[in-house]
Amino acid sequence: MKAYTELAPHRNLFVEGVPMLMYHQVAPVPWKTWLPMLYVPPALFRRQLEELKQAGYVSAEPGCGDPRGGKPPLVISFDDGFSSVFENALPVLGETGFRAIQFLVPGRLGATNDWEAANVRRERLMDHGQIREWLAAGHWIGAHTLTHPRLTQLPLDKAREEIVASKKVLEDAFGVEVRHFAYPYGEWNEKIAGLVEEAGFATACTTAFGVNTATTFSFALKRVFVRYADIGWHRLKGILARRLA
Ligand SMILES: [Zn+2]
């Protein structure tokens, strides 16, 4: 197997910035679903992490990790806090030695992704006990608002409440500092970013494609959406190299 660090264009790309992978579910793609891109099958997830480990990558928190010299950092992030990540990704993370961050929706812990349209399959979200185990295994949690609204479509005071409460509820429940935020649906603007900063977060992630460098705005971090069931890491890195060239 050829590790992607052997590919020159890709090496340059990762010397310049820290990639942040974005996953949702680590589970088989359901037979019928409106959002198949949200699923990465467990075997593919395992292959990706094994390839990354072989290539020498180390995991970092959002906004952290210095790509110059030493081992190349990357961030592994999961949005929404699905139980499938606890069940299928947590063991693989442990075996490969990577740490990851889950962006949780504290108003829905132990419930389902009922913020999606009615035709989207309802999936179980991690409960308090699972999140405690996730933290005990050395992983991080971030906030993804209280109920997963489109922040840019809310009155500003309502948006502030969603952001501030998501941090407080998680910190009170789990006794850890929650430093990172992810915008639901990746939707943000300058005012929303200002509210996130005011709330005391250190970073916020979008769904915009790219890698993050020292000059990337901390409240608009870019990510790489790991989308399709049939995209292996090799295909993904080719897409990365082309789009960032
Ligand atoms: Zn989300």
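The structure we're discussing is the one just above.
Residues numbered from 1 in each chain as written. Predicted model: local features only at pLDDT ≥ 70, side-chain atom pairs only at ≥ 80, totals over all residues. Heavy atoms only, no water.

1. Describing the overall build of the protein
Moving on, step 1. Assigned secondary structure in the protein consists of seven helices and 11 strands.
Moving on, step 2. Every one of the 245 residues in the protein was classed for burial, and the buried ones make up 49%.
Moving on, step 3. Within the protein, counting contacts between residues at least 6 apart in sequence, those at least 24 apart form 66% of the total.
Moving on, step 4. In the form shown here, the protein has an accessible surface area of approximately 11,100 Å², with 52% of it arising from carbon and sulfur atoms. (Helix = DSSP H or I, 4+ residues; strand = E, 2+ residues; numbered from the N terminus. Buried < 20%, exposed > 50% of the residue type's maximum accessible area, 1.4 Å probe, protein only. Contact = heavy atoms within 4.5 Å. Areas by Shrake-Rupley, 256 points an atom, 1.4 Å probe, with all protein chains shown as cover.)

2. Topic: the packing of helix H2 (residues 42-54) against helix H3 (residues 83-96)
Moving on, step 1. Running from amino to carboxyl end, H2 crosses H3 at an angle of 20°, the nearest separation of the two axes being 10 Å. With respect to H3, the element H2 is oriented roughly parallel. Regarding H2 and H3, the two cross each other, and that crossing is right-handed. Of the residues in H3, those in contact with Pro42, Phe45, Arg46, Leu49, Glu50 and Lys53 of H2 are Asn88, Ala89, Val92, Leu93, Glu95 and Thr96. (Axes fitted to C-alpha atoms, helices over the stretch in contact; angles between N-to-C directions. Parallel < 35°, antiparallel > 145°, perpendicular 65-115°, else oblique. Left-handed = near helix turned anticlockwise from the far one by under 90°.)

3. A look at helix H6 (residues 190-198)
Moving on, step 1. Of the residues making up H6, those classed as buried are Ile192, Ala193, Leu195 and Val196. On an axial view of H6, the arc spanned by its buried residues comes to 155°, and they lie on one face. Away from the buried face of H6 by more than 90 degrees, exposed residues Glu190, Lys191 and Glu198 are located.
Moving on, step 2. Here the buried face of H6 lies against helix H5 (156-174), strand S8 (180-182) and strand S9 (203-209). (Arc of directions from axis to C-beta.)

4. Some details on the packing of aromatic side chains
Moving on, step 1. Counted by the stated rule, this structure contains nine aromatic pairs.
Moving on, step 2. Taking the centre distance of 5.1 Å and the plane angle of 80° together, the rings of Tyr23 and Phe45 count as edge-to-face. Linking Tyr23 in strand S1 (residues 18-23) with Phe45 in helix H2, this pair joins segments that are 22 residues apart in sequence. You'll find Tyr23 and Phe45 in the same group, each marked buried.
Moving on, step 3. Members of the aromatic cluster, joined through ring pairs, are Phe181, Tyr183, Trp188, Phe201, Phe217 and Phe219.
Moving on, step 4. A cation over a ring is seen here: Arg150 above Tyr185, with NZ or CZ 3.8 Å from the ring centre. (Phe/Tyr/Trp six-rings, centres within 6.5 Å; stacked < 30°, edge-to-face > 60°. Lys NZ or Arg CZ within 6 Å of the ring centre and 35° of its normal.)

5. Description of the pairing of strand S11 (residues 221-225)
Moving on, step 1. Counting buried residues along S11, four of its five residues qualify, which places the element largely inside the surrounding structure.
Moving on, step 2. By the bridge criterion, two bridges tie S1 to S11 in an arrangement that is parallel. Across the sheet, residue Leu21 finds its bridge partner in S11, namely Val224.
Moving on, step 3. In the sheet, S9 pairs with S11 via two bridges, with the strands oriented parallel. Note that in S11 the partner of Cys205 across the bridge is Leu221. (Pairing = 2+ DSSP bridges.)

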